[in-house]
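Listed here are the chains, written in short residue letters.
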Amino acid sequence: MADLRINFAGIQSINPFWLASAPPTNSGYQVQRAFEAGWGGAVWKTLGDPILNVSSRFASLQHNGQKMAGFNNIELITDRPLEINLEEIYETKKKYPEHVIIASLMVEPNQEKWHEIVKKVEDVGVDGLELNFGCPHGMAERGMGAASGQVPELVKKQTYWVKEVAQTPVIVKLTPNITDITATAYAAVQGGADAVSMINTINSLMGVDLDTWNTIPNVAGKGTHGGYCGPAVKPIALNMVAECARQSDVTVPISGIGGISDWKDAAEFMLVGATSVQVCTAAMHHGFRIVEDMIDGLNSYLDDKRIHSVMDLIGRSVPKYTDWGDLDLNYKVVAHINDDSCIHCNKCYIACEDTSHQCIDMITAENGKSVLKVREEDCVGCNLCSIVCPVDGAIDMIETHSEAPLTWNNRQKLINSVSASQIMIG
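Conventions we followed
- Residues numbered from 1 in each chain as written.
- Predicted model: local features only at pLDDT ≥ 70, side-chain atom pairs only at ≥ 80, totals over all residues.
- Heavy atoms only, no water.
- Domains from an automatic or database assignment.
- Patch = residues over 30% accessible without salt bridge, like charges linked within 9 Å, V, L, I, M, F, W, Y side chains within 5 Å.
- Areas by Shrake-Rupley, 256 points an atom, 1.4 Å probe, with all protein chains shown as cover.
- Salt bridge = Lys/Arg side-chain N within 4 Å of Asp/Glu carboxyl O.
- Helix = DSSP H or I, 4+ residues; strand = E, 2+ residues; numbered from the N terminus.
- Buried < 20%, exposed > 50% of the residue type's maximum accessible area, 1.4 Å probe, protein only.
- Core = buried A, V, L, I, M, F, W, Y, C linked by side-chain atoms within 4.5 Å.
- Contact = heavy atoms within 4.5 Å.
- Expected span 1.5 Å × (residues − 1).
- Pairing = 2+ DSSP bridges.
- Axes fitted to C-alpha atoms, helices over the stretch in contact; angles between N-to-C directions.
- Parallel < 35°, antiparallel > 145°, perpendicular 65-115°, else oblique.
- Left-handed = near helix turned anticlockwise from the far one by under 90°.
- Nonpolar A, V, L, I, M, F, W, Y, C, P; charged D, E, K, R; others polar.
- Phe/Tyr/Trp six-rings, centres within 6.5 Å; stacked < 30°, edge-to-face > 60°.

With respect to the domain arrangement of the protein chain
- What the domain assignment lists for the protein chain is domain 1 (6-320) and domain 2 (325-399).
- The gap between the C-alpha centroids of domain 1 and domain 2 is 41 Å.

Comments concerning a nonpolar patch on the surface
- A cluster of nonpolar side chains, W324, L327, L329 and W408, forms an exposed patch at the surface whose accessible area comes to about 430 Å².
- Here W324 shows up in the loop between α10 (290-304) and β17 (333-337).
- Owing to a relative accessible area of 58%, W324 belongs among the exposed residues under this scheme.

A word on the nonpolar core
- In this structure, W39, L129 and M198 are the most contacted members of the largest nonpolar core, which totals 92 residues.
- Examining the composition of this core, we find that seven residues originate from one element, α10, more than from any other.
- For M198, the contacting residues outside a window of four places in its chain are L174, I181, M240, V241, C244, I254, S255, G256 and I257.
- Counting residues in hydrophobic clusters, the runner-up holds 15 residues, among them A335, C342, V374 and C385.

Quick notes on helix α7 (residues 234-245)
- A rise of 1.5 Å per residue sets the reference length of α7, with its 12 residues, at 16 Å; its end C-alpha atoms lie 16 Å apart and thus fit the reference within 8%.
- Residues K234, A237, L238, M240, V241, A242, E243 and C244 constitute the buried set of α7.
- Considering only its buried residues, α7 is in contact with α6 (181-190), β10 (195-198), β15 (254-257), α8 (263-271) and β16 (274-279).

A word on the sheet that holds β10
- On the basis of which strands lie adjacent, the closed barrel formed by eight strands has the order β3-β4-β7-β8-β9-β10-β15-β16 and parallel pairing. Each strand axis lies, on average, 25° off the axis of its neighbour in the sheet, ignoring direction.
- In terms of strand pairing, strand β3 (residues 17-19) meets β16 through three bridges, oriented parallel. Paired with W18 across the two strands is Q278, which belongs to β16.

Some thoughts on the packing of α6 against α7
- Running from N to C, α6 and α7 cross one another at 50°; their axes reach a closest spacing of 9 Å. It follows that α6 is oblique to α7 by the angle criterion. Note that α6 runs across α7; the crossing there is right-handed. Taken together, the residues of α7 that come into contact with α6 (itself represented by I181, T182 and A185) are M240, E243 and C244.
- Among the residues forming the contact of α6 with α7, the class breakdown is four nonpolar, one polar and one charged.

Structural notes on the pattern of salt bridges
- A complete count under the given rule lists 15 salt bridges for this structure.
- For E91, the salt bridge is made with K94, and the minimal N-O distance between the two is 3.9 Å. Of this pair, E91 and K94 both sit in helix α2 (residues 82-95), separated by three residues, roughly a single helical turn.
- Relative accessible area serves as the criterion here: at 39%, E91 is assigned to the partly exposed category.
- Between D265 and K234 there is a salt bridge, and its shortest N-O distance comes to 2.7 Å. Taken together, the residues span a long stretch of sequence, with D265 in helix α8 and K234 in helix α7 at a distance of 31 residues. For the residue pair D265 and K234, the accessibility class agrees, reading buried in each case.
- Several salt bridges converge on common partners, so that one network encompasses K45, R57 and E75.

A short note on α10
- Under the 1.5 Å per step criterion, the end-to-end length of α10 is 21 Å for 15 residues, consistent within 8% with the ideal 21 Å.
- Within α10, burial applies to I290, V291, M294, I295, G297, L298, N299, Y301 and L302.
- The inward-facing, buried residues of α10 contact β3, α1 (28-37), α8, β16 and α9 (281-286).
- Phi for R306, located one or two positions after α10, is positive at around 60°.

With respect to the environment of T275
- Inspection of the secondary structure assignment puts T275 in strand β16.
- Exposure remark for T275: the relative accessible area of 6% places this residue in the buried category.
- Each C-alpha atom of the pair T275 and V43 lies 15 Å from the other, and the pair is 232 residues apart in sequence.

Observations concerning the packing of aromatic side chains
- Tallied over the entire structure, the rule returns five aromatic pairs.
- Aromatic side chains F58 and F71 sit 5.2 Å apart centroid to centroid with 50° between the ring planes, which places their arrangement in the tilted category. Residue F58 is found in strand β5 (residues 58-63), and its partner F71 is found in strand β6 (residues 66-73); the two are separated by 13 residues along the sequence.
- Classification of F71 by relative accessible area gives buried; the value is 7%.
- Here the aromatic rings of W114 and F133 are separated by 6.1 Å at their centres, their planes lie at 80°, and the arrangement is edge-to-face. Of the two residues, W114 is situated in helix α3 (residues 111-122) and F133 in the loop between β8 (128-132) and α4 (146-149); the sequence distance between them amounts to 19 residues. A single burial state applies to W114 and to F133, both of which are buried.

What to know about unusual backbone geometry
- Between S55 and the following residue, S56, the backbone shows a cis peptide bond with an omega angle of 5°.
- Among the secondary structure elements, S56 is positioned in the loop between β4 (41-47) and β5.
- Cis geometry marks the peptide bond from M198 to I199, where omega comes out at 5°.
- Within the fold, I199 resides in the loop between β10 and β11 (202-204).
- Backbone geometry at W213 places phi at a positive 70°, although glycine is not the residue there.
- A relative accessible area of 69% means that W213 is categorised as exposed.

Printed below as a string of structure tokens:
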């Protein structure tokens, strides 16, 4: 069996699977149930001045029969007194000393407020702190959450205030509701953060009821923007983790969050630079015991790859992730349709003819039946035909002979070099 233990910014965890700060980590009862199921850690639902929540709070996106493909919530931070949360954190940590408890924190941008809550929380034995600079609704209107997380200077300043008194590792949770998340990641590092986590939820409106015209969800006929998460946000989260992981000035570990539903998702996040992974929507959908399959699946994957420790998986794909201008313009793949597997639904033909490059022909074979054939000289290798094809293996993307590698950036350098030479000759 592979070793699933991780070291995250000095925090030792029995596995990389943590519950994210959210409804599943609202109480000691829930976190203890999660630890019994096998979760390595939990980020306690965000602590601060207790608030009043509304009803209803959640909405989901169903896609092609899949429940909760996307999930939206307008719930805020904890609505329970800080003292009650601290008592439960203390009891949970005492009962499960081998499991990680991270306290998620949110207060107004005030040095004294940050000092006060950090000291109170660390007194009950947490393993680390996560500063919530990501919540896009409710708290942001009060100057907290994403309102702080969208301003690099505020991220840096508040991180610094926390580090003035913190005795445990400080993780800064970043908002995706920003043009460039690497800017705020760097600001967190400048403020002294020991790690960053991403992504928090994305600003969203789940839908509108076409009968009542109410937004979804609605509170007495009125709605508001909420935080979007679940499987649908995974590609956005992967990109942001990868972008931060490849920055030379983001020198701290990353906790990956966003649409992680199984061990495969977790492995992808770790390959692009995450050390730990945090899960929320999948646990809300299926319950805490999904972690058993995550653990078994990741163990088997590492064994198959002959990787002894999960720490050796982290960042393996980061060198493969680059800017568009560094991609090889001369690399070429073309589609190949396998007649033996093709069911002649013609979806590839329609997609290519209507919306791509019109390079699939419908021809009559010797037996009189219609078959589909790709004109390779016109195929640009866009992958659309293989994406819409309902049969696995019916369409392959085949690498063809290509010229010497040439990137856009190198091409521009050559052009500029030739232009400069011409100027000198002239």
